[in-house]
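# Examination of the molecular architecture
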Amino acid sequence: MPLTMTTKRRLVTAALLAPASAWLFVFLVLPFIAMLVFSVGERGPAGGYQAAFTFAQYANLPARSAAYWNTLMLAPAGAFLCLLVAYPTAYYLAVKASPRHRLLLVSLVVVPFWTSLLVRTYAWMYILGSRGIPNLLDMIGIADVRLLNTPGAVLLGIVYGYLPLMIMPIYVSLEKLDRRLLEASADLGAKPLSTFFSVTLPLSLPGVMTGVALVTILLLGEYLIPQLLGGGKVFFIGNALVDLFLQSRNWPFGSAIAVTLVAIVVVVLTVAMRIAWRISGTRQVDLV
Amino acid sequence: MRALITAVYLFLYAPIALVVLFSFNAGRNASEFTGFSVEWYGKALANPFLITALQNSLIIALVSATLAAVFGTMAALGLERLGSRARAVFDGLLAAAIVVPGVVIGIATLVALVAVFGAINPAIAAIWPGERPPQLGLGYGSIIAAHGLFTMALVTMIVKARIATLGRDIVEASADLYATPLTTFRDIVLPQILPSVLAGFLLAFTFSFDDFIVAFFVAGSKTTLPIYVFASIRRGVTPEVNAIATMVLVASLLLILIARLLMREKTRKSPAGE
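Model, not experiment: these values are computed from the prediction. (Residues numbered from 1 in each chain as written. Chains lettered and ligands numbered in written order. Predicted model: local features only at pLDDT ≥ 70, side-chain atom pairs only at ≥ 80, totals over all residues.)

### A word on the UniProt feature "domain: ABC transmembrane type-1" (unreviewed entry) in chain B
Put simply, the rule is: UniProt positions are given in the numbering used here, feature names are shortened, and annotations may be inferred rather than shown by experiment. Per the convention used, a helix needs a DSSP run of H or I reaching at least four residues, while a strand needs a run of E reaching at least two, with both numbered from the N terminus.
The residues that UniProt annotates with the feature "domain: ABC transmembrane type-1" (unreviewed entry) are residues 54-259 of chain B. Between the C-alpha atoms that bound residues 54-259 of chain B the distance is 21 Å, and the span itself is 83% helix and 0% strand.

The following block contains the structure:
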């Protein structure tokens, strides 16, 4: 029996999507189900997992409240600080920079994001560590300054690590901005500052929202920055998870925490998309 | 305004520059530069653990990025042939693969694989005729699978965006001129999406090569370069770590520069796009 055109077309589509679907199912959907199952289990006598159906792990969540508190305070705070530095930078790149240099300047902002976050965070560990800035301060007479392993160091690391990711979406939204609107505003007698607040800023809000949402979501799962710059004193949910899985081997409790982390990410994402729709008036908002 | 921008660029690059500078420091002391030397590079490169970690990272990045590029491109091509409902489901899964934190991906993969291995290994042992049955465990495969999940989604997104800018008319024109779908794909579509596929491959490679947290969970007894660097940092900040860090930086800088050149090529060739 010869294949009809539609059957053939369907077969090709299925063949194209088969590997990716299999991958998504086996390494995303199944692991997530496994994690849900583990989260209602019990810790085995020697660590690991023992089958059970109990919500004891979830009831035990307050035991790690410090990690939740730090994450939920420092992730948005870090994203906000990032925004404060990123907006003027993006504005300069999109509006003020000469077109001749723009591409190079933008590239210089993007490139660090794709280099190792581990190495970039290590750089600050090096600078803030006892033989870095505190040592220099000591030479001019200011002794015993501790910079590393403080919330401030973690925030600095966050701004450093995620600044490129905040600048890009804001830059894109500012670059798309129709210059004629700015000219029209000026022609109608608006001062530059009032043009900025009534035209430029509102039109760049979708970019701001995308940047804030992206950075906040990535920060919620952060491990390296609090680990290296917070030194066990300022720890995030990610640090609690590494401890529970790789050191204390309490997998069911760790799974319960991981499930709540995903829930938090989903809530933040949903709220961000709601706000973004309201701002832009369309549903065409790309968060990824 | 200019001063602020200069400060931002200084902020972005000065810390990296400092690490690079001190990797050439002759002295052990991290706070003063006592003379130029490449001694630490020699020391780092003579370290067999570092070389093994580097080899592992290169193998894992190469395999996972290749799979991601091939499967991701196939998925991007297949997606536009799907109905809107099936496409929404697929898009949702891709978005989840990108948005779910790496630490959760690592944990979920670890938990699932350990459960699967726990079921399969005794079964293999029961039917194995020889003395020592093979044991399935964490290692290359699990890292490649977990990295490939994120990077495949990334490649799909990049190639999908490129396909969206392609004119349908040229594909239809090709069909009108009696080209078979395969010929149209090979001569019309493929050349146009190839730069984004390559860029996606390089970004995938860079991600896998730089990833620490996902591999940390699913590496088993294998050591990747970031895991090795992390362990060295915890043992103490030495100029040797600076040398390794500098080499890691240079490697990812090269990759990202090539990727960006390819992406720019793409935009230059299609002034109508974007």
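### Looking at the interface of chain A and chain B
Filter applied, for reference: By the criterion used throughout, residues are in contact when their C-beta atoms, derived from the backbone, lie within 7 Å. Under the scheme applied, nonpolar residues are Ala, Val, Leu, Ile, Met, Phe, Trp, Tyr, Cys and Pro; charged residues are Asp, Glu, Lys and Arg; polar residues are all the others, including Gly.
On the side of chain B, 62 residues touch chain A, which itself brings 59 residues to the contact. Secondary-structure elements contributing two or more residues to the side of chain A that touches chain B are α1 (5-39), α3 (65-96), α4 (99-110), α5 (117-128), α9 (192-220), α10 (224-230), α11 (237-247) and α12 (251-280) of chain A. Broken down by class, the residue content of the side of chain A that touches chain B amounts to 44 nonpolar, 12 polar and three charged.

### Brief notes about the UniProt feature "transmembrane region" (unreviewed entry) in chain A
The sites that UniProt annotates as "transmembrane region" (unreviewed entry) are residues 72-94, 103-127, 153-174, 195-220 and 251-273 of chain A. Taken end to end, residues 153-174 of chain A has its terminal C-alpha atoms 31 Å apart, with 100% of it in helix and 0% in strand.

### Observations concerning the environment of proline 88 of chain A
Along the chain, proline 88 of chain A falls in helix α3. Distance in space between the C-alpha atoms of proline 88 of chain A and isoleucine 170 of chain A is 9.7 Å, their sequence separation being 82 residues.

### Description of the UniProt feature "domain: ABC transmembrane type-1" (unreviewed entry) in chain A
In the numbering used here, UniProt assigns the feature "domain: ABC transmembrane type-1" (unreviewed entry) to residues 68-272 of chain A. Split by type, residues 68-272 of chain A is 80% helix and 0% strand. Its first and last C-alpha atoms lie 20 Å apart.

### A short note on the packing of α3 of chain A against α11 of chain A
All names here are of chain A. The cut-off we apply is this: All axes are obtained by fitting lines to C-alpha atoms, using only the stretch in contact for helices, and the reported angles, taken between N-to-C directions, cover 0 to 180 degrees.
The contact between α3 and α11 brings their axes to 8 Å, and the two run at 145 degrees. On the side of α3, the interface is formed by Ala67, Tyr68 and Thr71, while α11 contributes Ile237, Asn239 and Ala240. Its residues placed into classes, the contact of α3 with α11 shows four nonpolar, two polar and no charged.

### Some points on the UniProt feature "transmembrane region" (unreviewed entry) in chain B
All names here are of chain B. UniProt tags residues 54-77, 89-120, 140-159, 196-221 and 241-262 as "transmembrane region" (unreviewed entry). The distance from the first to the last C-alpha atom of residues 54-77 is 34 Å, and the span holds 100% helix and 0% strand. Taken end to end, residues 241-262 has its terminal C-alpha atoms 32 Å apart, with 100% of it in helix and 0% in strand.

### Observations concerning the confidence of the model for chain A
Should the pLDDT be low somewhere, the predicted coordinates at that spot are not to be read in detail. Our working rule: Predictor confidence is given residue by residue as pLDDT, running from a minimum of 0 to a maximum of 100.
With 96% of its residues at a pLDDT of at least 70, chain A reaches an overall mean of 88. Here residues 283-288 of chain A scores under 50 on pLDDT; set against residues more than four positions off or in separate chains, the count is 16 contacts.

### Topic: the nonpolar core
What counts here: Core membership is restricted to buried Ala, Val, Leu, Ile, Met, Phe, Trp, Tyr and Cys residues, and these are joined into a nonpolar core through C-beta atoms within 7 Å. With C-beta atoms placed from the backbone, a residue is buried if 20 or more other C-beta atoms are within 10 Å of its own, exposed if 12 or fewer are, and partly exposed between those counts.
One finds Ala90 and Leu241 of chain A together with Ile107, Leu149 and Ala204 of chain B to be the most contacted residues of the largest nonpolar core, which totals 167 residues. In this view, leucine 149 of chain B contacts Trp23, Phe27 and Leu28 of chain A together with Ala97 and Ile105 of chain B; residues no more than four positions away in its chain are not counted.

### Overview of the confidence of the model for chain B
Residue and element names in this part refer to chain B. When the pLDDT values of chain B are averaged, the result is 87; 95% of them are 70 or greater. In the model, residues 270-274 has pLDDT below 50 throughout and makes five contacts with residues more than four positions away in sequence or in other chains. Predicted complex, confidence summary: ipTM 0.88, pTM 0.89.

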